[in-house]
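# Understanding the architecture of this molecule
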Amino acid sequence: MYHRTRIRLAATVAAAGICALGLTACDSGDSGDTVTDKPKAKASASATTDEKPAAEKPKKTATPGVAKVGDTIALTGLEDGSKLDVTVVKVADPAKSSDEFTTPESGKRFVGVQFKLVNTGTAAYSDSPANGAKITDVDGQQFQPTFADITAGPSMSSDVRLKPGAKALGWIVFEVPKASKTDTVQFAMNSGMANQTGEWKLS
C-alpha cells in the first residue's frame, strides 16, 4: 500500500509540473534541445610557496573530458533564473532492496544512482527529480526510474523544493535487465522537459 501511495504521489507531482510547463514553455525560445556531457571544471589546489612568481609559470588548462561519476554538470531549466549544478555522486550496481517486499522482476536488477542537486539559480527549484532521469545501456536501450528504496542510502525525494543555494541528495533507482551493461545516465530539469539534458558516462 505504501509503495502504491508513493507512485500516486509521484504521478501527481509530475502532472503538476507538466501543467506548470504549459505556462512557462513560451519563454524557452527557439533554442532547441541539447545534450551536454561536459563537466564543470574542478577548482585546482592552491599553489604551494615557490620562489618563482605565478606569472612565470602559466598553468596548462586541459579541455574537460566527458562527464563521469563524481563530475558536476551545470544545467538550466525552462524558467528564467532556473539553474542547477547536478552531480552523479555514486553508482550502486547491482543495488539491493532495503526491504523484502520490493524486488526486481525476474531477470532484472536494480541499479542505483546517487544525485546531488544544488540550486545555483535565482529562482526556486520545485520538481520530482526522478521524472527527469533515465539510464541507457551499451545497446542503446533506455530505462526509466522505478520506485524502490535500496540499502545504499535514502532515495531522492519525489517532491524536492530548493531555494537558491540549497541542495538535495538522494538515490534514484532503475530496473534493468541482468544482462544489460549500463553505459550512461541522463538528467534534465522540469521533469525531463527542459531543453538541456546532462549526460554522465558510467562505463
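Residues numbered from 1 in each chain as written. Predicted model: local features only at pLDDT ≥ 70, side-chain atom pairs only at ≥ 80, totals over all residues. Heavy atoms only, no water.

Now for the packing of aromatic side chains. The geometry of two aromatic rings is summed up by the distance between their centres and the angle between their planes. In total, this model carries two aromatic pairs according to the counting rule given. Centre to centre, the rings of F115 and F187 are 5.6 Å apart; their planes meet at 40°, and the pair counts as tilted. Residue F115 is found in strand β4 (residues 108–119), and its partner F187 is found in strand β11 (residues 182–188); the two are separated by 72 residues along the sequence. With respect to burial, F115 and F187 carry one shared label: buried. A ring pair is formed by F115 and W200, whose centres lie 6.1 Å apart and whose planes are at 85°; its orientation type is edge-to-face. Placement of the pair is F115 in strand β4 and W200 in strand β12 (residues 196–201), with a sequence separation of 85 residues. Considered together, F115 and W200 belong to a single accessibility category, that of buried residues. What links up through ring pairs into an aromatic cluster is the set F115, F187 and W200. (Phe/Tyr/Trp six-rings, centres within 6.5 Å; stacked < 30°, edge-to-face > 60°. Helix = DSSP H or I, 4+ residues; strand = E, 2+ residues; numbered from the N terminus. Buried < 20%, exposed > 50% of the residue type's maximum accessible area, 1.4 Å probe, protein only.)

Turning next to the sheet that holds β11. What the five strands build is an open sheet, ordered β1-β12-β11-β6-β7; its pairing is mixed. Two strands bound the open sheet, and with one partner strand each, they are β1 (34–36) and β7 (142–143). Pairing geometry for β1 and β12, over three bridges, is parallel. In the sheet register, T34 faces β12, and the bridge partner there is Q196. (Pairing = 2+ DSSP bridges.)

Take the confidence of the model for the protein chain next. Across the protein chain, the average pLDDT comes to 83, with 74% of residues at 70 or higher. Counting contacts from residues 45–63, a segment whose pLDDT is below 50, to residues more than four positions away or on other chains yields four contacts. (pLDDT = per-residue confidence, 0-100. Contact = heavy atoms within 4.5 Å.)

Applying the stated criterion to the full structure yields seven salt bridges. Residues D71 and K42 are paired through a salt bridge, measuring 3.5 Å at the closest nitrogen-oxygen approach. With D71 in the loop between β1 and β2 (72–76) and K42 in the loop between β1 and β2, the pair connects residues that are 29 residues apart, well separated along the chain. Taking the shortest distance from any N to any O, the salt bridge between D159 and R161 comes out at 3.3 Å. Look at R161 and you get exposed, because its relative accessible area is 61%. (Salt bridge = Lys/Arg side-chain N within 4 Å of Asp/Glu carboxyl O.)

Quick look at the environment of N119 now. Within the fold, N119 resides in strand β4. Not counting residues within four places of it along the chain, the set of residues in contact with N119 comprises K83, L84, A124, Y125, L162, K163, P164, G165 and A166. At a separation of 3.0 Å, a polar atom in the side chain of N119 contacts the main-chain carbonyl oxygen of A123. (Polar contact = N/O pair within 3.5 Å; in protein donor to acceptor, adjacent residues only side chain to side chain.)

Let us now look at the pairing of β4. Taken across its 12 residues, β4 has nine buried, putting it largely inside the fold. Relative to β4, strand β3 (residues 83–95) is paired through nine bridges, and the arrangement is antiparallel. Paired with A92 across the strands is G112, a residue of β4.

Right, let's get into the sheet that holds β3. Overall, antiparallel pairing links the five strands, which are arranged β2-β3-β4-β10-β8 in an open sheet. Taken across any chain shown, the strands that pair with only one partner, and hence form the sheet edges, are β2 and β8 (145–146).

On the secondary structure map, T36 appears in strand β1. A distance of 3.4 Å separates the side chain of T36 from the backbone nitrogen of K38, its partner in a polar contact. In this view, T36 contacts I73, L75, Q196, T197, G198 and E199; residues no more than four positions away in its chain are not counted.

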